[in-house]
Amino acid sequence: MKKYLYRYQAFARIRRKRQRLEDLIVKNARYDSSPLWFNDPFDCKSLFSTKGTTAHHINMFCEEFVHTVQEQIRDDGFSPEDAKREMIARLSTPRGMRAYLEESRDINQRLLERVAILCFSETPTDILIWSHYADGHRGLCLQFNKAVLGRVPGALVKVHYRPEYPVFREYVRLKTRQAKNRFLLARKSDRWRYEREWRLVRQEPRGLAGFAQPTGKFPDDALTGIIFGCEMSERRRRHVRDLVRQRRSGTPVQFCEAVRKTEEYGVAIRKLTYSR
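Criteria and cut-off values
- Residues numbered from 1 in each chain as written.
- Predicted model: local features only at pLDDT ≥ 70, side-chain atom pairs only at ≥ 80, totals over all residues.
- Heavy atoms only, no water.
- Helix = DSSP H or I, 4+ residues; strand = E, 2+ residues; numbered from the N terminus.
- Contact = heavy atoms within 4.5 Å.
- Areas by Shrake-Rupley, 256 points an atom, 1.4 Å probe, with all protein chains shown as cover.
- Lys, Arg positive; Asp, Glu negative; His and termini not counted.
- Charge placed at Lys NZ, Arg CZ, Asp CG, Glu CD.
- Buried < 20%, exposed > 50% of the residue type's maximum accessible area, 1.4 Å probe, protein only.
- Pairing = 2+ DSSP bridges.
- Phe/Tyr/Trp six-rings, centres within 6.5 Å; stacked < 30°, edge-to-face > 60°.
- Axes fitted to C-alpha atoms, helices over the stretch in contact; angles between N-to-C directions.
- Left-handed = near helix turned anticlockwise from the far one by under 90°.
- Nonpolar A, V, L, I, M, F, W, Y, C, P; charged D, E, K, R; others polar.
- Core = buried A, V, L, I, M, F, W, Y, C linked by side-chain atoms within 4.5 Å.
- Polar contact = N/O pair within 3.5 Å; in protein donor to acceptor, adjacent residues only side chain to side chain.
- Salt bridge = Lys/Arg side-chain N within 4 Å of Asp/Glu carboxyl O.

Participant: I tried to follow the overall build of the protein on my own but got confused; where do I start?
Facilitator: Within the protein, the regular secondary structure consists of ten helices and twelve strands. Its C-alpha atoms give the protein principal-axis dimensions of about 70 × 40 × 35 Å. Restricting the contact set of the protein to residue pairs at least 6 apart, pairs at least 24 apart contribute 78%. When the accessible surface of the protein is split by element, carbon and sulfur atoms take 51% of a total near 15700 Å². Across the protein, the centroid of the 55 positively charged side chains sits 6 Å from that of the 34 negatively charged ones.

Participant: Quick question: what am I supposed to make of the environment of Arg 248 here?
Facilitator: By the element assignment, Arg 248 lies in the loop between α10 (234-245) and β11 (254-260). A relative accessible area of 83% places Arg 248 in the exposed class. With 221 residues separating them along the chain, Arg 248 and Lys 27 place their C-alpha atoms 8.1 Å apart.

Participant: Explain the pairing of strand β3 (residues 115-121) to me, please; I cannot follow it from the model alone.
Facilitator: Burial analysis of β3 places six of its seven residues in the buried class, which makes it a mostly covered element. Relative to strand β8 (residues 197-203), β3 runs antiparallel, the two being bridged by seven bridges. The residue of β8 that forms the bridge with Ser 121 is Glu 197.

Participant: Got a minute to help me understand the packing of aromatic side chains in this structure?
Facilitator: To describe a pair of aromatic rings, you give the distance between the ring centres and the angle between the ring planes. A complete count under the given rule lists eleven aromatic pairs for this structure. Arranged with centres 5.2 Å apart and planes meeting at 85°, the rings of Tyr 8 and Trp 130 form a pair that is edge-to-face. Note that Tyr 8 is positioned in strand β1 (residues 4-9) and Trp 130 in helix α6 (residues 127-133), a separation of 122 residues in sequence. Looking at Tyr 8, the relative accessible area reads 8%, which means it is buried. Seen in terms of ring centroids, Phe 61 and Tyr 100 are 5.9 Å apart; in terms of plane orientation they differ by 80°. Their pairing is edge-to-face.

Participant: Even after reading the chapter, I still don't get the packing of helix α2 (residues 55-68) against helix α4 (residues 80-91), so can you show me in this structure?
Facilitator: Relative placement of two packed helices is described by the angle separating their axes and the distance separating the axes. Look at α2 against α4: their axes get within 9 Å of each other, and the N-to-C directions meet at 140°. α4 is crossed by α2, and the crossing has right-handed handedness. Each of Ile 58, Asn 59, Phe 61, Cys 62, Glu 63, Phe 65 and Val 66 in α2 lies in contact with α4, whose residues at this interface are Pro 80, Ala 83, Lys 84, Met 87, Ile 88 and Leu 91. For the contact of α2 with α4, the class distribution of residues is ten nonpolar, one polar and two charged.

Participant: Teacher, can you tell me more about the nonpolar core here?
Facilitator: In summary, soluble globular proteins display a tendency toward joint burial of nonpolar side chains. Core analysis: the biggest nonpolar cluster contains 28 residues, and Phe 120, Leu 142, Phe 144, Phe 218, Ile 226 and Val 240 have the highest contact counts within it. When residues of this core are traced back to their parent elements, those giving at least two are α1 (15-27), β3, β4 (140-145), α7 (146-149), β8, β10 (223-228) and α10. Here this core takes four residues from α1, the largest share from any one element. With 16 residues, the next largest nonpolar core counts Met 87, Met 97, Tyr 100 and Tyr 171 among its residues.

Participant: Help me out: how do you make sense of the side chain of Glu 197 in this one?
Facilitator: Summarising the element assignment, Glu 197 is placed in strand β8. Residue classification places Glu 197 among the buried residues on the basis of a relative accessible area of 4%. Within polar-contact distance, the side chain of Glu 197 engages the side chain of Lys 188 at 3.1 Å. Those residues in contact with Glu 197 that lie beyond four places of it in its chain are Cys 119, Phe 120, Ser 121, Lys 158, Val 159, Tyr 161 and Lys 188.

Participant: Looking at this structure, how should I read the pattern of salt bridges?
Facilitator: Pairs can form between side chains of opposite charge once their charged atoms are near each other. A complete count under the given rule lists 28 salt bridges for this structure. Among the salt bridges present, the one from Asp 43 reaches Arg 199, with a minimum N-O distance of 2.4 Å. Of this pair, Asp 43 sits in the loop between β2 (29-30) and α2 while Arg 199 sits in strand β8, and the two are 156 residues apart along the sequence. Judged by relative accessible area, Arg 199 falls into the buried class, the value being 1%. Lys 261 is the salt-bridge partner of Glu 264, the closest N and O atoms lying 3.1 Å from each other. Accessibility expressed as a relative area gives 48% for Glu 264, which makes it partly exposed. Judged by relative accessible area, Lys 261 falls into the partly exposed class, the value being 37%. Three or more residues are tied together by salt bridges with common partners; here these are Asp 43, Lys 188, Glu 195, Glu 197 and Arg 199.

This is the structure in structure tokens:
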């Protein structure tokens, strides 16, 4: 099992934009994101793949759905049994199923407004991630203790990658609402497989106002290391070391640097002699 998870960060030139990184290092501040802000329009927003869906799966889905909203159905003057039969009839045709799933995207949108996610990677050496999320290797990568992250409110889940949308029959078989939510929030196209992503997922009933305010704090012993990008300037490195010195609590922070490999495209991680 991997002991650490990693979060790649740019080192913004403008102080206001850099404040979140500085708050994280000094104060353990956490800035979660809404899945509505993600750069992949399919992430957490995709339709289901209905391959292999049988009448049994449709019946299971309709029964659970009607049970969940049965009070509302009765208030509208209908019986749950009639509502279930009507729903099964509609979803039993490919056209009806597709129309229903299209309509459910609006419901999914409202649910996502109350979800907060923080993303990590299993690896600190992927050169594409360094390029995409750490300002072309001019930023840094934060190392977190995975076990400690498991103590943060919410669920720490591994992202699964596939070429097709989340499969409807697999979703239906899940027993709890929590498991179903994790299923939908931890599925991505296999084109993103190189990220080897983990997510800290939690409910945020009030929604996220934006990037300005922290959404919580990491435990003091969560941050264990900082890896400088192979293109990060010495001036920026000194600034980060000064930030670490301002930490008032927590485990020692090990400094490392990413260095270019000599025989192939890639970077290796080399420990540096100074630490907090």
